[in-house]
Amino acid sequence: MLLAEHKVLTTNQIAAIEFLSVRRAQDRLRHLRELGVVFAFRESYSRGGTSQTRYALGYLGTRLIAAQRAKRPPSPKAYTESLERLALWPKLDHQLGVNDFFCSLATHRNPARLREAGHEGEVDGLTQWWSERRCTEFFWKYLGGGRDTRLRPDGYGCWEEHGRTVRFFLEHDTGTESLAKVTGKLDDYAAFPTDAFGVLLFSVHSSRREIALRAALRRALAGGDPGFVIATAARDGNTFGHADGPAGPVWGLWTPQGGDRVPRRYRLSELPQRGPTVEHSASDSGQPLNEAAFDPDDREMSRRIDTPRPEPATPAGYADDDDDLDDVTLYDDADDDDVYRAPVNPARPGGQRPRWVA
């Protein structure tokens, strides 16, 4: 089901969320590959060596999913062509990076490890993981006059820890886009009632990029308040090198009055709580790691999207570092491998296209 939703996962990602070791994951995946349930491929580099094995749904796997959803499966030829496009997809590395982020969170709920530790059945951790496609289908709002705004985050999630629930939109930055294009996404988030659904996280590839992004956010907003919470983190050894990965104290709140450097880092669970409260039993998505997912057709969700956002009476302020983060108020919403590592892209001299090994 995760492969059907998120397109592609590596061996290490699958092992992190389902198995006790990479070896056990490899053995199971080899058997599934022989059955045709999954399709495996690697990137072969011009200087030698290959990437880690990537997995997508094989044809038998996609037929099983189609049968489960009472849908007509694609033809073998059409599905083979879709796998070829996936292997050469320009956004493949970006998608693997996004999935790495969520798998690093999902590893805290690895059922095999929970059973071994005697904590089977615990639900703290990643309790919602929506793909970009699912986000785009849900997070849109009609503005009138034939205009609408549609959010296209790289993912949407819910993290629960010690009684706190933090919902978030993820923007996974690899440094290939200009900072102007990255900050230009704020217009869509500002036009949407973003704060009614979560905080906005920017995950960037280095500390240097993070400093530059925070400066670019300040310039783009001209000292104004975006109307929702923004936090940043870098995926180098200084931040995501923490043992808890993106769940750890790696996030720096961005404020209009703050500097470009991060004075204090917070755990993901310590960020301001935003978004709906959903009973775990209410989820009907059929997706694993979505116990806290809300029903897109729920009237309360539609009301949250369509209710006009009230303007703050005074400029919104952020709590000091020593204050509780729940005091952060942007507007009155009275209705209420196992360690994360950034994907490494080996150099490809001469602009040569990669060769693929199935």
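Residues numbered from 1 in each chain as written. Predicted model: local features only at pLDDT ≥ 70, side-chain atom pairs only at ≥ 80, totals over all residues. Heavy atoms only, no water.

A. Layout of the environment of Arg214. Mapped onto the fold, Arg214 is located in helix 11 (residues 207–221). The buried category is assigned to Arg214, whose relative accessible area is 2%. Filtering out sequence-adjacent residues up to four positions away, Arg214 remains in contact with Thr232, Gly252, Leu253, Trp254, Gly259, Asp260, Arg261 and Val262. A distance of 3.3 Å separates a polar side-chain atom of Arg214 from the backbone oxygen of Asp260. (Helix = DSSP H or I, 4+ residues; strand = E, 2+ residues; numbered from the N terminus. Buried < 20%, exposed > 50% of the residue type's maximum accessible area, 1.4 Å probe, protein only. Contact = heavy atoms within 4.5 Å. Polar contact = N/O pair within 3.5 Å; in protein donor to acceptor, adjacent residues only side chain to side chain.)

B. View of helix 11. Here helix 11 contains 15 residues, and its C-alpha end-to-end distance of 21 Å stays within 8% of the 21 Å for a straight helix at 1.5 Å per residue. Of the surrounding secondary structure, the elements contacted by the buried residues of helix 11 are helix 9 (179–184), helix 10 (186–191), strand 9 (199–204), strand 10 (230–234) and strand 11 (252–254). Ala222 sits one or two residues past helix 11 and shows a positive phi near 50°. (Expected span 1.5 Å × (residues − 1).)

C. Region of the structure containing the layout of surface pockets. The space that makes up the largest pocket amounts to roughly 740 Å³. Along the walls of the largest pocket sit 27 residues, with Leu3, Ala4, Glu5, Lys7 and Tyr79 positioned nearest its centre. With 5 residues, the single largest contributor to the lining of the largest pocket is helix 5 (residues 76–87). Considered class by class, the residues forming the lining of the largest pocket number 12 nonpolar, 5 polar and 10 charged. (1 Å grid on protein atoms, 1.4 Å probe; cavity = no way out; pocket = protein on both sides within 12 Å on 5 of 7 lines; lining within 4 Å. Points joined across faces, edges and corners; volume = space filled by probe spheres on them. Nonpolar A, V, L, I, M, F, W, Y, C, P; charged D, E, K, R; others polar.)

D. Spatial organisation of the side chain of Ser131. Along the polypeptide, Ser131 turns up in the loop between strand 4 (125–130) and helix 8 (132–138). Polar side-chain contacts of Ser131 include one of 2.9 Å to the side chain of Glu5. Setting aside residues no more than four positions away along its own chain, Ser131 makes contact with Glu5 and His6.

E. Looking closely at the nonpolar core. By size, the foremost hydrophobic cluster in this structure holds 49 residues, and its most contacted members are Phe168, Leu201, Trp251 and Leu271. Considering each element in turn, this core owes the most residues, 8 residues, to helix 6 (residues 92–106). Excluding anything up to four places from it in sequence, Leu201 contacts Phe101, Phe168, Phe169, Leu170, Glu171, Ala231, Trp251, Leu268 and Leu271. By size, the runner-up hydrophobic cluster in this structure holds 29 residues, among which are Tyr189, Phe197, Trp254 and Val278. (Core = buried A, V, L, I, M, F, W, Y, C linked by side-chain atoms within 4.5 Å.)

F. Structural view of the pairing of strand 9. Buried residues dominate strand 9, accounting for 6 of its 6 residues. Of the two faces of strand 9, the one carrying Val199, Leu201 and Ser203 and the one carrying Leu200, Phe202 and Val204 are both buried. For strand 8 (residues 164–172) and strand 9, the ladder comprises 5 bridges, and the chain directions are parallel. Note on strand 9: the bridge partner recorded for Leu170 is Leu201. In the sheet, strand 9 pairs with strand 10 via 5 bridges, with the strands oriented parallel. Bridge pairing in strand 10 places Val204 opposite Ala234. Chirality of the crossover, the property in question, places the unit of strand 9, helix 11 and strand 10 among those that are right-handed. (Pairing = 2+ DSSP bridges. Right-handed = clockwise from strand over helix to strand, strands pointing away.)

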